[in-house]
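A structural walkthrough
Residue strings, one per chain:
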Amino acid sequence: HGTSAGVLKTVPKYCTAILAKDYMDQILPPPDPHDPTSNLYRSAYKSAVAGIAGAALTNPLDVIRNEMFKTNQPLVDTVGSLRAEMGWMFVWRGMGKNLVAVSIPLASTLFFTDALIDYTEGRKEGSE
């Protein structure tokens, strides 16, 4: 048990992160062509927001998954038990720890992907 909640969490986490990153890309000012670090700063802002959004949205699924592992109950029974015990407040349980545990690796992955893309594009432009 717990695998179904884990699978349910992964896709929404990354979809949310990519949507947040794309939104940030639209609202941030364009990079300064005279500042070689401006792309990195933009990427850091986009990645941080995306990581937090992905972690916050999927926190309830983390709570459910952890409870499923602890109680060995199926998904529906686990949600019912959590609601009976805490009401809908269970969705906030462990949010602080989850923001650190999920948003930092997610934001780092997005940031380093952007940085590598910028680096390889810069190398292509330099070789032409």
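How each quantity is defined
- Residues numbered from 1 in each chain as written.
- Predicted model: local features only at pLDDT ≥ 70, side-chain atom pairs only at ≥ 80, totals over all residues.
- Heavy atoms only, no water.
- Helix = DSSP H or I, 4+ residues; strand = E, 2+ residues; numbered from the N terminus.
- Buried < 20%, exposed > 50% of the residue type's maximum accessible area, 1.4 Å probe, protein only.
- Contact = heavy atoms within 4.5 Å.
- Areas by Shrake-Rupley, 256 points an atom, 1.4 Å probe, with all protein chains shown as cover.
- Core = buried A, V, L, I, M, F, W, Y, C linked by side-chain atoms within 4.5 Å.
- Phe/Tyr/Trp six-rings, centres within 6.5 Å; stacked < 30°, edge-to-face > 60°.

Some remarks on the overall build of the chain
Each helix and strand in the chain was counted, giving four helices and zero strands. Element order for the chain, N to C, with α for helix and β for strand: α-α-α-α. The principal-axis extent of the C-alpha atoms belonging to the chain is close to 60 × 25 × 20 Å. A buried classification covers 31% of the 128 residues belonging to the chain. Excluding contacts between residues fewer than 6 apart, the proportion of contacts in the chain whose partners are at least 24 apart in sequence is 75%. Looking at the chain as shown, the accessible area adds up to about 8100 Å², and 65% of this sits on carbon and sulfur atoms.

Brief notes about the nonpolar core
Residues Leu61, Val63, Ile64, Met68, Leu82, Phe90 and Val91 constitute the largest nonpolar core, which totals seven residues. It is helix H2 (residues 38-71) that provides the largest number of residues to this core, a total of four residues. Within the second largest apolar cluster, five residues are counted, among which are Ala20, Ala50, Leu106 and Leu110.

Quick look at the packing of aromatic side chains
By the definition in use, this model includes two aromatic pairs. Measuring from ring centre to ring centre gives 5.4 Å for Phe111 and Phe112, while their planes differ by 70°; the resulting arrangement is edge-to-face.

Section: the environment of Ser38
When you line up the elements, Ser38 lands in helix H2. Along the chain, Ser38 and Gln26 lie twelve residues apart, while their C-alpha atoms are 15 Å from each other. In contact with Ser38, not counting residues within four places along its chain, are Pro31 and Asp32.

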